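Here's the letter readout for the chains.
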Amino acid sequence: MRWQQKGATMTISSSLSAGVAGLNANATRLSTISDNIANSATYGYKRATADFESLVIGGIAGAGTYSAGGVRATTQRLIDENGPLISTSNPLDIAISGRGMLPVTQEAFLTSNSEDKPMLVTTTGSFRTDQDGVLKTETGLVLMGWPADADGNVGTYPRDTVTALEPVIVQVNQQAGDPTTRMNLGVNLPATDTEYGAAGDDLPLSIEYFGNLGTSESLDVTFTPTVPATAGDPPSNIWTMTIEDSASSSAVIGEYILEFDDSRANGGTLAAVTVASGGAYDSSTGVIALTVNGGPMELTIGALGDPNGLTQLSDSFAPVSITKDGSPVGNLTSVEIDVNGYITATYDTGFTRTIYQVPLVDVPNPNGLISHSNQTYQVSPQSGSFFLWDAGDGPTGEVIGFTREGSTTDVAGELTSLIQTQRAYSSNAKVIQTVELSLAEATDLPVEISDCVVWRFELMDLRVCSATMALEFVRMEDISSFPSVKRRFPPGLEVRPLRAGSRVILTSADLDFAIRATPSGCECTVRLKC
């Protein structure tokens, strides 16, 4: 091998800088790997990555010299990746199946006088009520949503602002009643009661309903048949329906004349309804618009020709199907969220009511969100403006209760990256060590032989650096006369002066190192002793 000492300073210095840059870049990657592994069991954690980009100094082809530019690392958190969904036992453990995030805010901002509370977003959370009924996580993240009215209807709110979002509050000791507003009346009247000679007795029917205050009231309905007065007359098929409201001191709120069809095609169904008093009858829907003490009520008796409403068949009086909405006052038993983000409260009477709707937040670039602690993120100029979607609409997925989203960390993949990073880090450290050993002696030699570089054998790692060993003696005639140089060699080494054409042989127990002077430099031969 042959070495020359011409213009090597800049190249060696750039090698040192590149090695340091490599250490920094791999240290950054090691930090992301360690963070990913540490959060491999953290719900909602999004893994971080480090990418390397090369730096080039003087990229002209065929320049004859090369300066190492090094490397730089850039990091990114992959927020758009979805972790596995994990089932739980809490109905308000919430995750999202697909795109979108839950709007939340910090607990500390609940006491703020500002109407617009700072919004953060998260992909999953375990929400429970605190002493004030506020739904929040153990880390103080409060769930936000749009409130519903007393009938469970959610209004129309702006989608590009958080102004209408409110903290979701559930009163655990809440009692609520649901007034009756609709009732379906399916009753069969005996056809024989409208024949000549029939007794013509009234047929009473009492139907319970619930008032605005959860009180139990009743509609008292009386069916009175019209009996033919003359023998031989056909059945009249006519009834008078009278409706009284117990909440109105049993006042009559409606009276209707019912005529039934006796044809073969529609026999037994309503043929005509005449309003004697009370609310109007809609023949197409079969609905009577009643007004009870607490407000309007829809009573469905069936459309004309509809066999599912009031009928007149055979000789029996039978309430076939009577249904109604509403319920008495009940205690809150559970709160759940459905796939569309509606939070419903269920009471021990079986009554359920929508109390909030939780929209899903979406941005054009989820990876541009600003990351905060507790797996929360904040909208930034890089992420783009947000939009509040109904869950399942647009690009968003469904809201899943009883579920948490797991970490996106792949432990096996991270361990593989860890091994690769460790090797790359060690290799960059070896580059720095090699450059340091190559430059160490030049600053220690006297000025008279500053061009003479002597290798420090006691620091030499023969397994790695043997190919880089170089000794260049410009004035070898004086080498043995400098004590500072002699002290560099361990005891037992033999140093002989070098003349033109002659050789210097350094001998130790491990190797023979021979140098021969030439007009253009030195030739070096290394022989390991096995």
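Residues numbered from 1 in each chain as written. Predicted model: local features only at pLDDT ≥ 70, side-chain atom pairs only at ≥ 80, totals over all residues. Heavy atoms only, no water.

A. Focus on the overall build of the chain. A tally of regular secondary structure across the chain gives four helices and 36 strands. Contacts spanning at least 24 positions in sequence make up 60% of the contacts within the chain whose residues lie at least 6 apart. Accessible surface, the chain: about 26,900 Å² in total, of which carbon and sulfur atoms supply 51%. (Helix = DSSP H or I, 4+ residues; strand = E, 2+ residues; numbered from the N terminus. Contact = heavy atoms within 4.5 Å. Areas by Shrake-Rupley, 256 points an atom, 1.4 Å probe, with all protein chains shown as cover.)

B. Summary view of the packing of aromatic side chains. Tallied over the entire structure, the rule returns four aromatic pairs. Both rings, one in Tyr347 and one in Phe351, keep their centres 5.4 Å apart while their planes meet at 15°; by these two values the pair is stacked. Judged on exposure class, the residue Tyr347 and its partner Phe351 are both buried. The cationic tip of Arg29 hangs over the ring face of Phe52; the distance from NZ or CZ to the ring centre is 4.3 Å. (Phe/Tyr/Trp six-rings, centres within 6.5 Å; stacked < 30°, edge-to-face > 60°. Buried < 20%, exposed > 50% of the residue type's maximum accessible area, 1.4 Å probe, protein only. Lys NZ or Arg CZ within 6 Å of the ring centre and 35° of its normal.)

C. The side chain of Asp93, seen in detail. Along the polypeptide, Asp93 turns up in strand S5 (residues 93-97). Nearest to the buried, unbridged Asp93 among oppositely charged side chains is Arg128, at 4.2 Å. At 2.8 Å, the side chain of Asp93 and the side chain of Thr88 are in polar contact. In contact with Asp93, not counting residues within four places along its chain, are Thr88, Gly125, Ser126, Phe127, Arg128, Ile400, Gly401, Phe402, Thr403 and Arg404. (Lys, Arg positive; Asp, Glu negative; His and termini not counted. Salt bridge = Lys/Arg side-chain N within 4 Å of Asp/Glu carboxyl O. Polar contact = N/O pair within 3.5 Å; in protein donor to acceptor, adjacent residues only side chain to side chain.)

D. Up close: unusual backbone geometry. In the Ramachandran plot, Ser250 falls in the positive-phi region, its phi being about 60° despite a non-glycine side chain. By secondary structure assignment, the location of Ser250 is in the loop between strand S17 (238-245) and strand S18 (251-260). The class for Ser250 is partly exposed, based on a relative accessible area of 39%. Notably, Gln375 is not glycine yet its phi reads approximately 60°, a positive angle. Within the secondary structure, Gln375 sits in the loop between strand S29 (370-372) and strand S30 (376-378). Note on Gln375: relative accessible area 23%, which makes it partly exposed.

E. Quick peek at helix H2 (residues 411-439). With 29 residues, H2 should cover 42 Å at 1.5 Å per step; its first-to-last C-alpha distance of 42 Å lies within 8% of that length. Within the sequence span of H2, burial applies to Glu414, Thr421, Asn428, Ile432, Thr434, Val435 and Leu437. (Expected span 1.5 Å × (residues − 1).)

F. Geometry of the nonpolar core. By size, the foremost hydrophobic cluster in this structure holds 28 residues, and its most contacted members are Leu185, Phe223, Met241, Leu258, Ile301 and Leu310. Among the elements of the structure, strand S14 (182-189), strand S15 (203-210), strand S16 (216-225), S17, S18, strand S19 (270-278), strand S21 (287-292) and strand S22 (295-300) are those that each provide at least two residues to this core. Each residue touching Leu310, except ones within four places of it in the same chain, is listed here: Leu185, Val187, Phe223, Met241, Leu258, Phe260, Gly268, Leu270 and Ile301. Of all hydrophobic cores here, the second largest spans 26 residues; its members include Leu92, Ile94, Val358 and Ala391. (Core = buried A, V, L, I, M, F, W, Y, C linked by side-chain atoms within 4.5 Å.)

G. How the structure looks around the sheet that holds S16. Spatially, S15-S16-S17-S18-S19 is the arrangement adopted by the five strands of the open sheet, whose pairing is antiparallel. The outermost strands of the open sheet, each flanked by one partner alone, are S15 and S19. Across the sheet, the mean angle separating the axes of adjacent strands is 20° when strand polarity is ignored. The pairing of S17 with S18 spans eight bridges and is antiparallel. Bridge assignment links Ile238 to a residue of S18, and that residue is Glu259. (Pairing = 2+ DSSP bridges. Axes fitted to C-alpha atoms, helices over the stretch in contact; angles between N-to-C directions.)

H. Main features of the confidence of the model for the chain. Mean pLDDT over the chain: 83, with 79% of residues reaching 70 or higher. Contacts for the low-pLDDT stretch residues 1-9, under 50 throughout, to residues beyond four places or in other chains number 17 contacts. Between residues 442-502, whose pLDDT stays under 50, and residues either more than four places distant or in other chains, the model counts 102 contacts. (pLDDT = per-residue confidence, 0-100.)

I. Summary view of the pattern of salt bridges. Inspection of every chain in the model, using the stated rule, returns eight salt bridges. Asp362 serves as the salt-bridge partner of Arg99, at 2.5 Å between the closest nitrogen and oxygen. Remark: Asp362 occurs in strand S28 (residues 360-362) and Arg99 occurs in the loop between S5 and strand S6 (102-106); sequence separation between them is 263 residues. You can call Arg99 partly exposed: its relative accessible area is 35%. Of the charged contacts in the structure, one is a salt bridge between Asp130 and Lys136, with a shortest N-O distance of 3.7 Å. When its relative accessible area of 18% is taken as the criterion, Asp130 is described as buried. Lys136 gets classed as buried once you look at its relative accessible area, which sits at 16%.

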